[in-house]
Amino acid sequence: MERGGRQLSSMLRGAVLRHLQIPSRPQQGAAGFVGDGWGEAIRRRFFSEEVHSHGTYLNKTEVTDRVLNVVKNFHKVDPSKVSPSSNFQKDLGLDSLDTVEVVMAFEEEFGVEIPDSEADKIVTCADAIDFIASQPQAK
């Protein structure tokens, strides 16, 4: 059952990514997220004039803060339940499609593409933090 759920999640993620058109400027509330913090974080990261050099890694504390912020601002999540060890399904009550949306939000927040094979392994905030902190292209 677990394997079938992961395959479905991977297929859904691929279908969503193929048909999703991301606006050139993020809009508040996009992709099911609410609050000023998320939209402002996206604007700062993608539309600031600061140039990020490729080949350097983000500070793990910054990655942790930003990952937790993305998860806390997802409309189906109770922010008080979010911690670095939170499991998206068991602790936060997200289904596989919600998890795909959260992973896509991580891709937007950090400017990275997470391959399906890696996305399937991201089931907790800690998984996301570890993956993103290991990516030199993360912004």
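My aim in this report is to walk through the structure given alongside it, one point at a time. (Residues numbered from 1 in each chain as written. Predicted model: local features only at pLDDT ≥ 70, side-chain atom pairs only at ≥ 80, totals over all residues. Heavy atoms only, no water.)

**Structural notes on the nonpolar core**
Then, in step 1: Core analysis: the biggest nonpolar cluster contains 28 residues, and Val67, Val71, Phe88 and Phe106 have the highest contact counts within it.
Then, in step 2: Those elements that place two or more of their residues in this core are α3 (60-72), α4 (96-110) and α6 (125-133).
Then, in step 3: Take this core: its biggest share by element is six residues, from α6.
Then, in step 4: Once residues lying within four places of it in the same chain are set aside, the contact partners of Phe106 are Val67, Val70, Val71, Phe88, Gly111, Ile114, Ala128 and Ile132. (Core = buried A, V, L, I, M, F, W, Y, C linked by side-chain atoms within 4.5 Å. Buried < 20%, exposed > 50% of the residue type's maximum accessible area, 1.4 Å probe, protein only. Helix = DSSP H or I, 4+ residues; strand = E, 2+ residues; numbered from the N terminus. Contact = heavy atoms within 4.5 Å.)

**Considerations on the packing of α3 against α6**
Then, in step 1: Put simply, α3 and α6 touch, their axes get as near as 9 Å, and they point 135° apart. It follows from the interaxial angle that α3 and α6 lie oblique. The interaxial crossing formed by α3 with α6 has right-handed handedness. Together, Lys60, Val63, Thr64, Val67, Leu68 and Val71 of α3 and Cys125, Ala128, Ile129, Asp130, Ile132 and Ala133 of α6 make up the contact between the two elements.
Then, in step 2: For the contact of α3 with α6, the per-class residue count stands at nine nonpolar, one polar and two charged. (Axes fitted to C-alpha atoms, helices over the stretch in contact; angles between N-to-C directions. Parallel < 35°, antiparallel > 145°, perpendicular 65-115°, else oblique. Left-handed = near helix turned anticlockwise from the far one by under 90°. Nonpolar A, V, L, I, M, F, W, Y, C, P; charged D, E, K, R; others polar.)

**Quick look at the packing of aromatic side chains**
Then, in step 1: The full count for this structure, using the stated rule, is one aromatic pair.
Then, in step 2: Taking 6.3 Å as the distance between ring centres and 40° as the angle between the ring planes, the aromatic pair formed by Phe88 and Phe106 counts as tilted. Placement of the pair is Phe88 in the loop between α3 and α4 and Phe106 in helix α4, with a sequence separation of 18 residues. (Phe/Tyr/Trp six-rings, centres within 6.5 Å; stacked < 30°, edge-to-face > 60°.)

**Considering the environment of Asn59**
Then, in step 1: Summarising the element assignment, Asn59 is placed in the loop between α2 (36-47) and α3.
Then, in step 2: Residues Asn59 and Ala133, spaced 74 residues apart in sequence, show a C-alpha to C-alpha distance of 7.2 Å.
Then, in step 3: Polar side-chain contacts of Asn59 include one of 2.6 Å to the backbone nitrogen of Thr61. (Polar contact = N/O pair within 3.5 Å; in protein donor to acceptor, adjacent residues only side chain to side chain.)

**Regarding the environment of Lys90**
Then, in step 1: Considering the arrangement of structural elements, one finds Lys90 in the loop between α3 and α4.
Then, in step 2: Accessibility expressed as a relative area gives 74% for Lys90, which makes it exposed.
Then, in step 3: Through-space distance from the C-alpha of Lys90 to that of Thr124 is 9.4 Å; in sequence the pair is 34 residues apart.

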